[in-house]
Amino acid sequence: MGDDMIVQEKQGATLLNRIDVEKIDSFDDFRRVSDHIKWIDSELKAGRFLKTRGREVLVSVPNSTSFNIISIPRKEEYIDYIKSWVNVYNKSLDYLEGSLNAACLENKFIKRDNSGWTIPIQVNGTFQRQVIKWPTFNPESAEYAKELQRILNTYNNLKTIFLESIKSRKIGVSVKKSSVMLNPANQVSLPKENPKSLKTSMVKQVASYAKRNINPEIEEAIQAEMESKTAGDDERLVIQKVSDGAILDSSDIGALKKQNTDIVVLTC
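Nothing here was measured: the structure is a model prediction, and the numbers come from that model.

## Description of the nonpolar core
Among the nonpolar cores identified, the biggest contains 43 residues, and Trp-39, Trp-85, Val-88, Tyr-89, Leu-96, Ile-110 and Trp-134 are the most heavily contacted of them. Of all the elements in the fold, those that place two or more residues in this core are helix H2 (34-46), strand E4 (56-60), helix H3 (78-106), strand E7 (116-123) and helix H4 (143-171). Counting residues per element, this core draws most heavily on H3, at twelve residues. The contacts of Trp-39, once residues within four sequence positions are left out, are Phe-49, Tyr-89, Ser-92, Leu-96, Ala-142, Ala-145, Lys-146 and Gln-149.

## A word on H3
Taking 1.5 Å of rise per residue, the 29 residues of H3 would be expected to cover 42 Å, and the 42 Å separating its terminal C-alpha atoms lies within 8% of that figure. Immediately downstream of H3, the backbone of Asn-107 shows phi near 55°, a positive value.

## Concerning the packing of aromatic side chains
Counting across every chain of the model gives eight aromatic pairs. Consider the rings of Trp-39 and Tyr-89, whose centres lie 5.9 Å apart with planes at 85°: the pair is edge-to-face. With Trp-39 in helix H2 and Tyr-89 in helix H3, the pair connects residues that are 50 residues apart, well separated along the chain. Just as Trp-39 is buried, Tyr-89 falls in that class too. Through pairs of rings, three or more aromatic residues link up here, namely Trp-39, Phe-49, Tyr-89 and Tyr-95.

Quick notes on the rules
- Residues numbered from 1 in each chain as written.
- Predicted model: local features only at pLDDT ≥ 70, side-chain atom pairs only at ≥ 80, totals over all residues.
- Heavy atoms only, no water.
- Core = buried A, V, L, I, M, F, W, Y, C linked by side-chain atoms within 4.5 Å.
- Buried < 20%, exposed > 50% of the residue type's maximum accessible area, 1.4 Å probe, protein only.
- Helix = DSSP H or I, 4+ residues; strand = E, 2+ residues; numbered from the N terminus.
- Contact = heavy atoms within 4.5 Å.
- Expected span 1.5 Å × (residues − 1).
- Phe/Tyr/Trp six-rings, centres within 6.5 Å; stacked < 30°, edge-to-face > 60°.

Interpretation note: all reported values are geometric properties and have no functional meaning in isolation.
Take a look at the structure:
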């Protein structure tokens, strides 16, 4: 099995892992593909990438909104009937292999590790990277498709966790408060009668995003993508609040600058 594509090689030629539809010529072939049809039925019920439309089966194309459409004849036309379901199985392998190849090219959740590939797997409540054991194609059963589906489901679950963590970062805002004192002012005053002394404390409010709800063992697997997609999410906005009638001088302005103040709020 090649490391960069999910295919098998023989005598220097790359052979796709598919059932040869043209060799189906008897009703006995229906028995040989019964496991494949059962798997297809389970995937149709799950509705992940297989759908029906009348007597047609729609198989999703990886990384696309398009479908491969296979017409299913009546059972009385048993040779064509069997061939049509085998075509659905082969197109399903197109989808699974294509989706996993794209996931490998991302090198984020599924990552290259020397001569193989690894993916975070949850073990006893924690995530750790495990080497992916790509299945070997066997036309006699649907195990090849089932194993590819398990790997793809794990990948999709990791991506869902990642996207949910990004969403929580954007909506989970907490506010922290602390107080700083400014020197009494004696130069620049606001146009107010009976100005108050700046000995009144000013409040600095810091907005920070809540911690991501994500297992730390996944961080290593998705850190690069998180840095590229969430740059600046943790930047803090410093707001200084000045009491009504306060007086600011140059030393106060300098203090605000040193504290990297973004906004000064004057209360009424």
